Amino acid sequence: MRTQIGIVGAGPAGLVLAHLLHLQGIESIVVESRSRKYIEERVRAGLLEQGTVDLLIATGVGERLKRECLTHHGIELRFNRRGHRIDFNDLTGGKTVTIYAQQEVIKDLVGARLEAGLPIIFEAEDVSVHDFDSGKNPSIRFRAAGQSEEIHCDYIAGCDGFHGICRPSIPAGVLTEFDREYPFGWLGILAQAPPSSDELVYTYSERGFALLTMRTRQISRLYLQVPFDEDINAWPDERIWNELRMRTAADGNWKLNEGNIFQKNIASMRSYVVEPMQYGKMFLAGDAAHIVPPTGAKGLNLAVADVRIMSKAFAEFYAIGKTQLLESYSATCLRRVWKAQRFSWWMTSMLHRFDTDNVFDQRRQIAELDYVTSSRAAMTTLAENYVGLPWD
Ligand code: APR
Ligand code: PHB
């Protein structure tokens, strides 16, 4: 097989890239190790920045999103049993964030690509990447339906996530890794319960962090900070609800809506960046190049920001034969990546309880929350990062 851009991975990075390239008349083939059913049902995050929503709508894959999403104009920070709203309308000139599950974005992108008769190879096995640094044209090898296949291409886009094969295929000594693991993770549930608040509630409590978010007006998405090595079997439903009630308790008549939990899992938490995000004729995007703690809801949005830059770089190459944007791809992406890392680390550090902290640190965290919710300047910095910094 032959194409212009070989894309490894059909997550948000790979699928948005393929879509943007197609709109610019650039051919690609997407190679995905999982089945279509698996990637369309995989429960991930669900908050989209304004820029991500605008891009999906502007490129023709946002019609269902427009119909089904929930648009939010603020969030609540809750501590000492009191809520404090961060008003995005007032602080960002009307920018919003949108709740629309990542798997719904995946369904829309897969549907659009297959409807256009464009290739996604699902359930590819033993995927490997070759000659991206040899001066020859690179290729992607894999097995599908028991047959060995090879895609010859001009460039490879490594969009295969943190556990993919593209980043590890770059020779030793080329990459520098920047990594911070946190001593806790998030226990996440989906429950058949109407959301207990109109907007997201981030809570700081002596017992640990909790987040109240949602998927629809009937489905709640809730998270609890738990130790990094926690066993999900130690968390029966009643214990989850009891802990959520304690951590989100507030003065007044607010109460937590409870219901049947139909999905639960524990996800670890880390901050990770690899530099550079490119080597030879292979370009990394999304979780293949960086991981953020979910507190700032940046994961999917960073993936989209990366491939927006990558698609412009490929468009320049194929249109006028120049490679300036390709050569500066990594540096351009990393400016946004590191700002998102800082924000995600800051939100995580402000809202989570660390075992290594003492009573001084806990007072300091409360003081930071008090400052952020009482200073317009501090609220503005949170709001402008949360809705998404402007794209360069
Ligand atoms: N060969 C082919 N495909 C692979 C391989 C491989 N060796 N390894 C992984 N994949 C696929 C995965 O099955 C997945 O569908 O690559 C895709 C990577 O998608 P994501 O992990 O979602 O990464 P990305 O597209 O960068 O999106 C980042 O997704 O995981 C969330 O929280 C993360 O919101 C963030 C977003
Ligand atoms: C979610 O809705 O899954 C979500 C929202 C905001 C976050 C993390 C996750 O910070």
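Residues numbered from 1 in each chain as written. Chains lettered and ligands numbered in written order. Predicted model: local features only at pLDDT ≥ 70, side-chain atom pairs only at ≥ 80, totals over all residues. Heavy atoms only, no water.

S.K.: Just give me the short version of helix α1 (residues 12–23), but keep the residues and values in it.
M.R.: Taking 1.5 Å as the rise per residue, α1 with 12 residues should run 16 Å; its terminal C-alpha atoms sit 16 Å apart, in good agreement. By the criterion of burial, α1 is predominantly enclosed, with 10 of the 12 residues buried. P12, A13, G14, L15, V16, L17, A18, H19, L20 and L21 are the residues of α1 that are buried. Phi turns positive, to about 75°, at G25, one or two residues after α1. (Helix = DSSP H or I, 4+ residues; strand = E, 2+ residues; numbered from the N terminus. Expected span 1.5 Å × (residues − 1). Buried < 20%, exposed > 50% of the residue type's maximum accessible area, 1.4 Å probe, protein only.)

S.K.: Mind laying out the environment of K312, listing which residues take part and the relevant values?
M.R.: For K312, the position within the fold is in helix α9 (residues 299–320). Judged by relative accessible area, K312 falls into the partly exposed class, the value being 43%. Through-space distance from the C-alpha of K312 to that of W338 is 21 Å; in sequence the pair is 26 residues apart.

S.K.: So, the domain arrangement of the protein: which residues are in play, and what are the values?
M.R.: Here the protein is partitioned into domain 1 (5–72 + 97–178 + 270–346) and domain 2 (182–269 + 355–387). Of note, the centres of domain 1 and domain 2, computed from C-alpha atoms alone, are 29 Å apart. On the domain 2 side, the residues contacting the 22 residues of domain 1 number 24 residues. Three residues stand out in domain 1 for area buried against domain 2, namely L70, H72 and W346, and they jointly supply 27% of the buried area on that side. Taken together, domain 1 and domain 2 are joined by zero salt bridges. Where the side of domain 1 that touches domain 2 is concerned, the elements lending two or more residues are β4 (70–72), β7 (97–99), β19 (270–275) and α11 (329–351). The element that contributes the greatest number of residues to the side of domain 1 that touches domain 2 is α11, accounting for four residues. (Domains from an automatic or database assignment. Contact = heavy atoms within 4.5 Å. Buried area = accessible area lost by both parts, 1.4 Å probe. Salt bridge = Lys/Arg side-chain N within 4 Å of Asp/Glu carboxyl O.)

S.K.: So what about the pairing of strand β2 (residues 28–31)? Which residues, and what values?
M.R.: The alternating pattern of β2 places S28 and V30 and I29 and V31 on opposite faces, both of which are buried. Relative to β2, strand β1 (residues 5–8) is paired through four bridges, and the arrangement is parallel. By the bridge assignment for β2, I5 is matched with S28. Across two bridges, β2 lies against strand β8 (residues 120–121) in parallel orientation. Bridge assignment links V31 to a residue of β8, and that residue is I121. (Pairing = 2+ DSSP bridges.)

S.K.: Tell me about the site of ligand 1, and name the residues and values.
M.R.: The immediate surroundings of ligand 1 are formed by 25 residues, with E32, R42, R44, Q102 and D287 found nearest. Within the backbone of A13, one N or O atom sits 2.9 Å away from an oxygen atom of ligand 1. For ligand 1, an oxygen atom lies 2.9 Å from a polar atom in the side chain of Q102. Surface burial for ligand 1 is 87%, taken as the share of its 700 Å² of free accessible area covered by protein chains. Put simply, the parts of the chain that give the shell around ligand 1 at least two residues each are α1 and α9. With three residues, the top contributor of residues to the shell around ligand 1 is α9. Its residues assigned to classes, the shell around ligand 1 comprises 11 nonpolar, eight polar and six charged. (Near = heavy atom within 4 Å. Polar contact = N/O pair within 3.5 Å; in protein donor to acceptor, adjacent residues only side chain to side chain. Areas by Shrake-Rupley, 256 points an atom, 1.4 Å probe, with all protein chains shown as cover. Nonpolar A, V, L, I, M, F, W, Y, C, P; charged D, E, K, R; others polar.)

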